[in-house]
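Coordinate inspection notes
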Amino acid sequence: SFLPLFLLGLKSSHAKQAWLNYHYLNLLNIPTINLFAFAKKGYCHLLAHDYLIAQYQSGLNLMEFVTQFESNPKDLVLVFNHIAHIFKKMADFNLTYGNMQAKHFLVLDNKVLLTHFDALKQHKHAAACYEKLKEELYLFMQNWHDQPHVAAIAMTALRQQKLLG
C-alpha cells in the first residue's frame, strides 16, 4: 500500500540525524568540524540522497597523529587530555558519541574535533549513559591495543576526568 512507502520516505537519514546532532553539540560548546549545509538531492523521498557539506580542515585523524607524534609524549598527553575533557563534557549532558574509531577524531593544533555525528545518543538517565560510556571507552582503548605507552597516556587522561575507575 502507499502509506508504508510514504512513511519510509519520511524516515530520518543518517545525514539528517548528523546535521541535527552537529547543531546540538555546538550548542553545548563541544568542538566539532564545521558543517555548512545539509542537502537533499533527488526527485522524491524514496529516490533522494542526503549530503552534509563540511569545511575542509587540514588536520590529522587521531590514529595518524599518534603515529606521527608517538615519540613526543607531551603532545600525546595534550591531545588525550582534550579528548577526555570532551568525553566528560558529553557525559555531563548524558551523551555518548558512538563512533570510537580513532579516525573519527580530527587533531588540529593539538585540539580535537569530532567528525561524525550520526551515532550520537542522548540517554534519559545518567546511569544508562555511564554504562554505555564504559563500553565506548573500552572500544576507544582498542585503538591502542598494540601501543601500550599510548594506551597508558589515554588511560591516565580518562582517569583524571574520572571517566574510568
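See the structure shown above.
Here goes a summary of the coordinates provided. Note on numbering: residues in each chain are counted from 1, in written sequence order. Totals for whole chains, interfaces and linings use every residue, but because this is a predicted model, local features are given only for residues with pLDDT of at least 70 and side-chain atom pairs only at 80 or more, for both listing and counting. No hydrogens and no water enter the side-chain calculation; it runs on all heavy atoms of the structure.

Further remarks concern helix α4 (residues 73-92). The terminal C-alpha atoms of α4, which comprises 20 residues, lie 28 Å apart, in line with the 28 Å expected from a rise of 1.5 Å per residue. Burial classes follow relative accessibility: with a 1.4 Å probe on protein chains only, a residue under 20% of its type's maximum area counts as buried, one over 50% as exposed, and anything between as partly exposed. Each helix corresponds to a stretch of at least 4 residues labelled H or I by DSSP, and each strand to a stretch of at least 2 residues labelled E; elements are numbered beginning at the N terminus. Restricting attention to buried positions, one finds in α4 the residues D75, L76, V79, F80, H82, I83, A84, I86, F87, M90 and A91. Expected span of a helix: the number of residues minus one, times 1.5 Å.

Within the element layout of this structure, L114 appears in strand β6 (residues 111-114). Spatially, the C-alpha atoms of L114 and Y97 are 8.9 Å apart, while their sequence positions differ by 17 residues. Throughout, a residue-residue contact means that at least one pair of heavy atoms, one from each residue, lies within 4.5 Å. Ignoring anything within four residues of it in the chain, the contact list for L114 reads L25, I30, P31, T32, I33, I86, M90, Y97, H104 and F105.

So, about the sheet that holds strand β5 (residues 105-108). The strand order across the open sheet formed by three strands is β3-β5-β6, and the pairing between neighbours is antiparallel. Edge positions in the sheet fall to β3 (60-61) and β6, since each has one partner strand and no second. In this description, strands pair whenever DSSP reports at least two bridges between them. In this sheet, β6 lies alongside β5 in antiparallel orientation, the contact comprising four bridges. Within β6, the residue paired with F105 across the bridge is L114. Only C-alpha atoms enter the line fits that serve as axes; for helices the fit covers just the stretch in contact. Angles between N-to-C directions range over 0 to 180 degrees. Of the strands in this sheet, β5 and β6 touch α4, which is tilted by about 45° from β6.

The next subject is the pairing of β5. Pairing between β3 and β5: two bridges, direction antiparallel. Residue L60 lies in a different strand from β5, and its bridge partner there is V107.

Should a side-chain nitrogen of Lys or Arg be within 4 Å of a carboxyl oxygen of Asp or Glu, the pair is scored as a salt bridge. Counted under the stated rule, the structure contains three salt bridges. The salt bridge involving K88 is made with D92; its shortest N-O contact spans 3.3 Å. Pair noted here: K88 and D92 are both in helix α4, with a separation of four residues, about one helical turn. D92 sits in the partly exposed class, given a relative accessible area of 47%. The salt bridge involving E135 is made with K132; its shortest N-O contact spans 3.7 Å. One end of the pair is E135 and the other is K132, both in helix α5 (residues 126-142) and three residues apart, which spans about a single turn. By relative accessible area, E135 is classed as partly exposed at 46%. We classify K132 as partly exposed; its relative accessible area is 32%.

In short, the description is geometric, and any link to function would need to be established separately.
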